[in-house]
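# Working through the structure, step by step
Given next are the chains, with one letter for each unit.
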Amino acid sequence: MSLFICPICQSPLTSAADTWRCDGSLHQKQVSHPFDVARQGYVNLLPVQQKKSKMPGDSQHSIDARKRFLQAGYYEPLQTLICEQISALNQKTNSQAGKSRWLDIGCGEGYYTQAMAQTGVDTLIAADISKPAVIRLAKASKVAGQLWYQQDKNARAATIYPIVTSAAHLPLSAQSLTGMSSIFSPILPAAFAKVLQKDGYLIIAKPDIEHLASIREALFDEVRAHDSDKFLLEVAPYFTLLKTHQISTDLHLSTSALDDLLTMTPYAYRARVHKRQALLDISQDQPFATTARFVVYVLQKRVASLES
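In short, a report on the structure. (Residues numbered from 1 in each chain as written. Predicted model: local features only at pLDDT ≥ 70, side-chain atom pairs only at ≥ 80, totals over all residues. Heavy atoms only, no water.)

What follows covers the nonpolar core. Generally speaking, nonpolar side chains in soluble globular proteins are found buried as a group. Counting 45 residues, the largest nonpolar core has Tyr75, Ile82, Trp102, Tyr112, Met116 and Ile215 as its most contacted members. Among the elements that line this core, the one with the most residues is helix H2 (residues 76-97), at six residues. The residues contacting tyrosine 75, other than those within four sequence positions of it, are Phe69, Leu70, Tyr111, Tyr112, His211, Leu212, Leu251, Leu261, Met264, Ala292 and Phe294. Counting residues in hydrophobic clusters, the runner-up holds 39 residues, among them Ala127, Leu170, Ala193 and Phe231. (Core = buried A, V, L, I, M, F, W, Y, C linked by side-chain atoms within 4.5 Å. Buried < 20%, exposed > 50% of the residue type's maximum accessible area, 1.4 Å probe, protein only. Helix = DSSP H or I, 4+ residues; strand = E, 2+ residues; numbered from the N terminus. Contact = heavy atoms within 4.5 Å.)

Here you go:
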């Protein structure tokens with residue numbers, strides 16, 4: 001079974017070093033659709049008709065800010081926790097069914113994805129609707145020799161497939177994945193369940209109730225606590241909750257780090273300009289203190305899932 005399917009006609013899609021091409025078997029006129037591999041090492045599988053804007057997803061400005069902030073290590077405890085969970089699930093999967101295929105949906109520039117590649121997963125699909133984000137991830141993967149057309153059979157890290165796509169229209173065969181992760185990304189239970197094998201895993205990371213509370217209090221007149229568990233009712237017909245992990249880390253942010261954090265979050269457009277500037281001014285005298293709080297959910301596809 002082909003791992004990928006054509007985003008236009010859903011026919012089996014074969015990956016290659018230069019051009020991915022479907023066989024057209026499900027197209028009414030048996031037309032084969034080609035998708036060229038960009039020089040940076042990614043494939044655009046987002047047809048125009050699936051775009052809601054000219055440049056969907058995060059902007060280059062937001063991506064640059066997130067890369068600087070994450071590379072400084074502020075969210076490293078979360079990265080470590082997620083990878084520990086994937087590694088444990090992968091060991092269980094390998095002992096039962098052989099090679100594992102994992103999807104990181106909403107992968108962004110790849111901070112979490114690159115770490116996932118070291119967890120023992122065999123195939124890692126890095127997908128995001130933001131073309132600039134996937135380009136950055138693809139470049140890093142190419143330099144590391146991790147792209148699907150670079151990997152040798154003895155490589156210890158996962159083979160990475162960076163693709164531009166929509167989470168609502170995943171170009172993946174039904175029941176083709178061992179597991180997937182969604183880190184601060186939209187949750188689409190039916191679409192996720194469709195591509196996961198019958199006992200596949202889903203890891204979701206979200207802000208916990210008091211995440212960055214002091215920042216939100218400084219930016220907004222009215223602060224609402226994050227309702228992290230709300231989505232569980234929506235996923236219940238498709239997934240069973242196995243574990244929940246909470247983690248927090250204290251942050252002391254310089255003005256530049258605080259500016260990057262605000263830029264990479266929805267606060268960038270939700271907060272009033274004067275409130276944001278006032279917050280940045282505070283950090284000029286001494287690092288701004290706040291606490292990042294996260295909750296990580298480990299779920300498994302239900303045997304009687306609507307998409308099984």
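Moving on to the sheet that holds strand S4 (residues 34-36). Pairing in this open sheet of four strands is antiparallel, and the strands run S1-S2-S3-S4 from one edge to the other. Two strands in the sheet have a free side with no partner beyond their single neighbour: strand S1 (4-5) and S4. Sheet analysis places strand S3 (residues 19-22) next to S4, joined by three bridges and oriented antiparallel. Pairing of threonine 19 across the sheet is with aspartate 36, part of S4. (Pairing = 2+ DSSP bridges.)

Here we come to the state of the cysteines. Under the defined criterion, the tally for this structure stands at zero disulfides. Left unpaired, cysteine 9 is separated from the closest cysteine sulfur, that of cysteine 22, by 3.8 Å. Its relative accessible area of 7% is what places cysteine 9 among the buried residues. (Disulfide = S-S within 2.5 Å.)

A word on helix H10 (residues 273-285). Burial in H10 covers these residues: Arg276, Leu279, Leu280 and Ser283. Along the axis of H10, the buried positions cluster into a sector of 95 degrees, meaning they face one direction only. In H10, the exposed positions angled more than 90 degrees off the buried face are occupied by His274, Gln284 and Asp285. Where the residues of H10 are buried, they touch helix H6 (213-219), strand S11 (239-253), helix H8 (255-263), helix H9 (267-270) and strand S12 (288-301). (Arc of directions from axis to C-beta.)

You can see glutamine 79 is positioned in helix H2. Overall, the relative accessible area of 15% leaves glutamine 79 in the buried class. Not counting residues within four places of it along the chain, the set of residues in contact with glutamine 79 comprises Tyr111, Tyr112 and Ala115.

This part takes up the pattern of salt bridges. Scanning the model with the defined rule gives six salt bridges in all. For lysine 275, the salt bridge identified is with aspartate 221, shortest N-O distance 3.1 Å. Pair noted here: lysine 275 is in helix H10 and aspartate 221 is in the loop between H6 and helix H7 (232-235), with a separation of 54 residues, a long-range link. Overall, the relative accessible area of 21% leaves lysine 275 in the partly exposed class. For aspartate 221, a relative accessible area of 64% corresponds to the exposed category. One connected set of salt bridges, linked through shared partners, spans Asp58, Arg66 and Glu109. (Salt bridge = Lys/Arg side-chain N within 4 Å of Asp/Glu carboxyl O.)

Next up on the list: the side chain of arginine 216. Mapped onto the fold, arginine 216 is located in helix H6. Of the side chains with opposite charge, glutamate 210 comes closest to the buried, unpaired arginine 216, at an N-O distance of 4.8 Å. (Lys, Arg positive; Asp, Glu negative; His and termini not counted.)

Looking now at H8. One full turn of an α-helix is made of 3.6 residues, so residues set three or four places apart face in the same direction. Burial within H8 is extensive, with seven of its nine residues counted as buried. All of the buried residues in H8 are Thr255, Ala257, Leu258, Asp260, Leu261, Leu262 and Thr263. Considering only its buried residues, H8 is in contact with helix H1 (60-71), H6, S11, H9, H10 and S12.

To continue, consider the packing of aromatic side chains. Within the structure shown, the criterion is met by 13 aromatic pairs. Their ring planes at 25 degrees and their centres at 4.6 Å tell us that phenylalanine 69 and tyrosine 74 sit as a pair that is stacked. Ring geometry for tyrosine 75 against phenylalanine 294: centres 4.8 Å apart, planes inclined by 75 degrees, an arrangement best described as edge-to-face. Linking tyrosine 75 in the loop between H1 and H2 with phenylalanine 294 in strand S12, this pair joins segments that are 219 residues apart in sequence. A relative accessible area of 3% places tyrosine 75 in the buried class. Through a chain of ring-to-ring contacts, three or more aromatic side chains come together here, namely Phe4, Trp20, Trp148, Tyr149 and Tyr161. (Phe/Tyr/Trp six-rings, centres within 6.5 Å; stacked < 30°, edge-to-face > 60°.)

Let's shift gears to the packing of H1 against helix H4 (residues 131-143). H4 packs onto H1 with a crossing angle of 40 degrees between their chain directions and a minimal axis gap of 9 Å. Judged on the interaxial angle alone, H4 and H1 are oblique. The chirality of how H1 crosses H4 is right-handed. Here H1 contributes Gln60, Ile63, Asp64 and Lys67 to the contact with H4, which in turn contributes Pro132, Ala133 and Arg136. (Axes fitted to C-alpha atoms, helices over the stretch in contact; angles between N-to-C directions. Parallel < 35°, antiparallel > 145°, perpendicular 65-115°, else oblique. Left-handed = near helix turned anticlockwise from the far one by under 90°.)

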